[in-house]
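Single-letter residue listing:
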Amino acid sequence: MPTLTLPDGSTRSFDDATTPGGVAADIGPGLAKAALGARVDGELVGLDHVIDRDATISLITGPRGKDPCSEDALWLIRHSAAHIMAEAVQRVFPEAQLVYGPPVDDGFYYDIAMPEGQTISSGDFERIEVEMDAIVKEDRPFSRCTMSAEEGMARLEGEGSKYKIDNARRALEAGADTLSWYATGNPGEHWDDLCRGPHVPSTGRVGGFKVMSVAASHWHGDADSDRLTRLYGTAFPDRKRLAAHLERLEEARKRDHRAIGRKLGLFRIDDMVGQGLVLWTPKGAIIRQELQDFISTELKRQNYEPVFTPHIGKLDLFRTSGHYPYYQDSQYPPVVDPEAMNRLVDEGCSCADLSNRLHEGEVEGYLLKPMNCPMHIRIFAGEPRSYRDLPVRLSEFGTVYRYEQSGELGGMLRVRGFTQDDAHLFCTESQLQDEIAGCLELVRIIFNTLGIESFDVRVGLRDPEATKYVGSPDLWDRAEEACRAAAETLGDAWHAEEGEAAFYGPKIDFIVQDAIGRSWQLGTVQVDYNLPERFDLSYIGPDNAPHRPVMIHRAPFGSMERFVGFLIEHFAGAFPAWLAPEQVRVLPVSEKSSAYAAEVHDALRAAGQRVTLDEGNERLQARIRTAAEEKIPYLLIVGPRDAEAGTVSVRARGIERDLGAVQLQAFVDAIATETRDRCEGVVQSLFADAGVA
RNA sequence: GCCACCGUAGCUCAGUGGUAGAGCACACCCUUGGUAAGGGUGAGGUCACGGGUUCAAGUCCCGUCGGUGGCUCCA
C-alpha cells in the first residue's frame, strides 16, 4: 500500500502497487495524457515502472506552450528517438548491427556496425527518416520486457551480436540482475532492442526528429578496436521546437570563424603553405597586434621581462626537456645538419636508422620548437640567480610548431604553427600561490575587457591511479593546493578534474565553446616541478645554499590563433572599435562632398584611427550596406549640410539609422577615447547626452 | 592517423555521360544619388591533381592532395 509524495509535498495513497502512469491517471486525464515518464525517488523511470512501496514521485511531462522542455523529457524523447532511428536503419540496412545509442547534449546518436562494404551516407538520411516517420505515425507503445541474466544471455548468444552481448555483460558486471528489452510495439511481434530504458510511453510522443549527420567512431572509444558508424539525430516533443533548434544551429554556423574570417579577410590557410599553418592577412594582423599591445601593457604592470628566442633549437635541448623523443609523433621531423646527412647517405643509413640515431643522440639535428620553455629556461640558467631576483618572469609571443594529426586540424582553433602569449615564471615555493594568482588576474582582465562571460575554469589534478606523473607526491599535493587556493581568488566558479594535470604538474585552464558547441582550452596556468629538475635550475637562498625554483608556464590567451578564432565567433566579426581592423569609414553623400570627406578622413588618420574613405561609384545606400557587411563600427556620412556646419553624421554598427550629427572634433575625441580605453559607448554617449539615442 | 562525406570562377552554389552556368565580388561606362543592393558592358575556368573506362568524362572507377564532421589525440 504505497504512499507517494508529490513535488508539492502532498501525498497520495494506493491500495496496491501502482505505476507513474497510474498516478498520473489518478490525478487527472490531462496529466495522464501529457506524462512521458517520472522520477521515483530521484530515479528516471517509465510510466509502466512498478511502485510497490512509499516513494517520492515527480511526473515528467512534455512542455506546455512556449515553455522550454525539461531535461528529463528531452532525455526520454531522444533516447526513444534513438530506438526509432535504429529500427529504421535496420529496415533500410537489414544487416546493420546495433551497438549503443544514448542521448547526448543536442540529440542522440546510435553506433552501428555496418556490414563489410556498406556505408550510410547523408543521401540515406531521407530513407531513414521516412521509416522513422512511419514508426512514429503508428504510435506504437514502448514495451519493456525483462529476462533473467541466463535467459537473456542465451537469447543474445542465439542472435549472435557480439556488441549486444558485450553490452549485456557490462550491464551484469555493473550489478544488474536482469536484462531488459524495449519493443516498439508488442514484444515478440515488433522490433526490439536490449536497453535499460526508460522510454516515453509510445513512439508518437517523439513529435519532431531529424537525422543530422554520420560520422565514425570506435568501439569502446578504442582506436584499435572495431570501427563503427555513428549516426547522429536530434528529437524534440514537437516540430516547432525542432525547427527552432535547427534555426539556432543555422545561426550558430553563421558565426563560424572560418566563414567570417574569409568574408572579412582576417586570415587564410593556404594549401600551398601547408595544413594548419595560418596566414594572417592585414586585417587579421591588426586584431592580433592590438591584442598583443593590450596584454603587453598588463605584462609591464606585472613586471614581466620580454625576451625573444629562436624558432629552432638543437635536439639536445629537447632531449633534456624530455619532449624529444617522447612526443615525436606530434612534432615536425628534425632538421639534420647537411654534412651529417651526406655522411649518413654515404653509409647507406636507412630512415629507421636515422630515426634511431637521432633518438640516441648519435646524430645531432635541430627541432622546430614545440614549446618555448626550454629556451626561456636557458635564459634563466644563463646567470647565477639569487632569491632576491625571484620571481623572474620571462615573456615572449613565441611561435611553436606541433605536428597535430591532420584530422584534428580546424580553422584557427587547432593548427600546426601557433604563437603563444607565453611566459615562464621562476619562483620560490612560497611565492607560488601569489604568482599563480597574478597569472589568473591577467586572464580575468582579458575576459573582462572582451566581455567573455561564458567559460569554464578547470583545475587539472593528477589521476591518483596513473603513473605518468613526475615529481614527489608531497610536491604535487602542495602544488595542487596552491592551484585550488589561487582558483578560489578568481571569484568565478571552478571545478577540479582528476587526470587533467600535465605530466609535470597541475594546471588551471580556461575553457570556452565555439559556435558549434565544441570546447576549447584558451588560457592556461601550469605549475612545473619537472623542468627545473631536468635542467638542474637553482637559485641561491638566504642560507647561501642552492635551491630549486618552481616554474609556472602560463599563456592567458593560450595562442593568438585559437584566441582570435574564438574571438571572431564571440563577436560574430563585429569587433569593438579598438580591435576592429577598420574603425571608421567616411561616406560622402556625393562627389560634391568629396573634398570635405577627405578632410574628415585626414583628421581621423592624424588622430591615429584606422579610417578609410569610400568614394565608390555606388549610391549611398549600397555603400552603407557594404560597410555594414564589413562590420565597420562607425560610418561617417558627410554631405553639403555637414561640410557647411563642420559636422559628421554618425551611423554606429548595429543601429539601423543615423545617430545624428556632431562636430568633427567631438567625434575624433570620442573615438580616440573609446579606442584608447578599450571600451564601448563613448561615441554613442555624444548622442545620449543630447537625448538623441 | 582512422571512418564517412565533400572538392565546378575570388566567394556562395546550379549542372541528366554529349558546347562550362548563375548570383555576389572584380574592371570599365552611364548614373552624383542624405542613410542596408541604380543601370549597362566586360573579364574571369586545366571542373583539386594523376591515372583508368568510354566514340565521348565536370559527371563513372582507382589513387593522391585538400576541406568538413566525428573518433582518437592535444607535452
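The coordinates are above.
Predicted model only: the values in this text are computed from it and were never measured.

Parameters at a glance
Residues numbered from 1 in each chain as written. Chains lettered and ligands numbered in written order. Predicted model: local features only at pLDDT ≥ 70, side-chain atom pairs only at ≥ 80, totals over all residues. Heavy atoms only, no water. Helix = DSSP H or I, 4+ residues; strand = E, 2+ residues; numbered from the N terminus. Buried < 20%, exposed > 50% of the residue type's maximum accessible area, 1.4 Å probe, protein only. Contact = heavy atoms within 4.5 Å. Near = heavy atom within 4 Å. Polar contact = N/O pair within 3.5 Å; in protein donor to acceptor, adjacent residues only side chain to side chain. Pairing = 2+ DSSP bridges. Axes fitted to C-alpha atoms, helices over the stretch in contact; angles between N-to-C directions. Parallel < 35°, antiparallel > 145°, perpendicular 65-115°, else oblique. Left-handed = near helix turned anticlockwise from the far one by under 90°. Nonpolar A, V, L, I, M, F, W, Y, C, P; charged D, E, K, R; others polar.

A. View of the environment of T281. Among the secondary structure elements, T281 is positioned in the loop between β15 (278-280) and α9 (282-301). Taking the relative accessible area as the measure of exposure, T281 reaches 17% and is therefore buried. Separated by 225 residues in sequence, T281 and T56 place their C-alpha atoms 62 Å apart. Apart from residues lying up to four places away in sequence, T281 is in contact with G265, L266, F267 and R268.

B. Expanded view of the protein's contact with RNA strand B. Neighbouring residues of RNA strand B: 55 residues in total, closest S406, E408, N617, R625 and D658. Sugar and phosphate atoms constitute 50% of the interface atoms of RNA strand B, taking the interface as everything within 4 Å of the protein. Contact between RNA strand B and Y504: a sugar or linking oxygen at 2.6 Å from a side-chain N or O atom of the residue. Considering every element that reaches the surface near RNA strand B, the biggest residue donor is helix α19 (residues 620-629), with six residues.

C. Expanded view of the pairing of strand β5 (residues 55-61). As defined by bridge partners, strand β1 (residues 3-5) adjoins β5 across two bridges and the pair is classed as parallel. Of the residues in β5, the one forming a bridge with L4 is A55. As paired elements, strand β3 (residues 35-40) and β5 share five bridges and run antiparallel to each other. Along β5, the bridge assignment pairs G37 with I60.

D. How the structure looks around the packing of helix α3 (residues 71-92) against helix α4 (residues 125-138). Two numbers describe how α3 lies on α4: the axes approach to 8 Å, and their chain directions differ by 120°. When the axis of α3 is compared with that of α4, the two are oblique. When the axes of α3 and α4 are compared, the crossing they make is right-handed. Contacts between α3 and α4 involve A81, I84, M85, E87, A88, V89, R91 and V92 from the former and R127, I128, E131, M132, A134, I135 and V136 from the latter. Of the residues contributing to the contact of α3 with α4, the split by class is eleven nonpolar, no polar and four charged.

E. Quick look at the sheet that holds β1. Pairing within the open sheet is mixed, and its five strands lie in the order β2-β1-β5-β3-β4. Edge positions in the sheet fall to β2 (11-13) and β4 (43-45), since each of these pairs with one other strand and no more. Direction aside, neighbouring strands of the sheet carry axes that sit 35° apart on average. In this fold helix α1 (residues 20-27) packs onto β1, β2, β3, β4 and β5, with an angle of close to 75° to the strand it touches most, β5. Across the sheet, α3 lies against β3, β4 and β5, angled at about 115° from β3, the strand it touches most.

These results come straight from atomic positions and should not be treated as a statement about function.
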